[in-house]
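Spelled out from the first residue to the last, the chains are:
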Amino acid sequence: EWQPAYEFYTKAIASNPHEATFYSNRSACLLNLERFQEALDDAVIVKALRPDWSKSFYRLSMARLSLERYEDAAMAAWEGLQLDPRNKELKGLLQTCVQQGREHYQKQKAGN
């Protein structure tokens, strides 16, 4: 399901490399394919093309969270909320980033 969508958006990007939506959707596909670094790479492009779009920050946060970069993920979600303060997805994502970051820190602390 995700691989054909990934291929579709890759072709769409080839035909219009300045359309942020294509990169955003391909980033979502890559996340679901567990190709997290590539998802982050596309999310960075989305932000460069549309720095005023809260979805750019959502994609960044999701990719960073998948890479266990909790602080970076939380910062991206927070930046997105500065653009769209009522965005429930970003609010929930920010809470998830903070919670998972805390849990990760506590596990590391307990292991030392």
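Report on the accompanying structure. Keep in mind that what you see is a predicted model, and the values were worked out from it rather than measured. (Residues numbered from 1 in each chain as written. Predicted model: local features only at pLDDT ≥ 70, side-chain atom pairs only at ≥ 80, totals over all residues. Heavy atoms only, no water.)

So, about the environment of Ala63. Checked against the element boundaries, Ala63 lands in helix 4 (residues 54-66). Sequence separation of Ala63 and Val44 is 19 residues, and the distance between their C-alpha atoms is 9.8 Å. In this structure, Ala63 is in contact with Leu31, Phe36, Ala39 and Leu40, ignoring residues within four places of it in sequence. (Helix = DSSP H or I, 4+ residues; strand = E, 2+ residues; numbered from the N terminus. Contact = heavy atoms within 4.5 Å.)

Attention shifts here to the packing of helix 2 (residues 20-32) against helix 4. Interaxial distance between helix 2 and helix 4 falls to 10 Å at its minimum, and their mutual angle equals 20 degrees. Between helix 2 and helix 4, the angle is such that the two are roughly parallel. Helix-helix and strand crossings are classified by hand; for helix 2 and helix 4 the assignment is left-handed. When helix 2 is examined against helix 4, the residues Ser24, Asn25, Ser27, Ala28 and Leu31 are found in contact with a partner set consisting of Lys55, Arg59, Met62, Ala63 and Ser66. Of the residues contributing to the contact of helix 2 with helix 4, the split by class is four nonpolar, four polar and two charged. (Axes fitted to C-alpha atoms, helices over the stretch in contact; angles between N-to-C directions. Parallel < 35°, antiparallel > 145°, perpendicular 65-115°, else oblique. Left-handed = near helix turned anticlockwise from the far one by under 90°. Nonpolar A, V, L, I, M, F, W, Y, C, P; charged D, E, K, R; others polar.)

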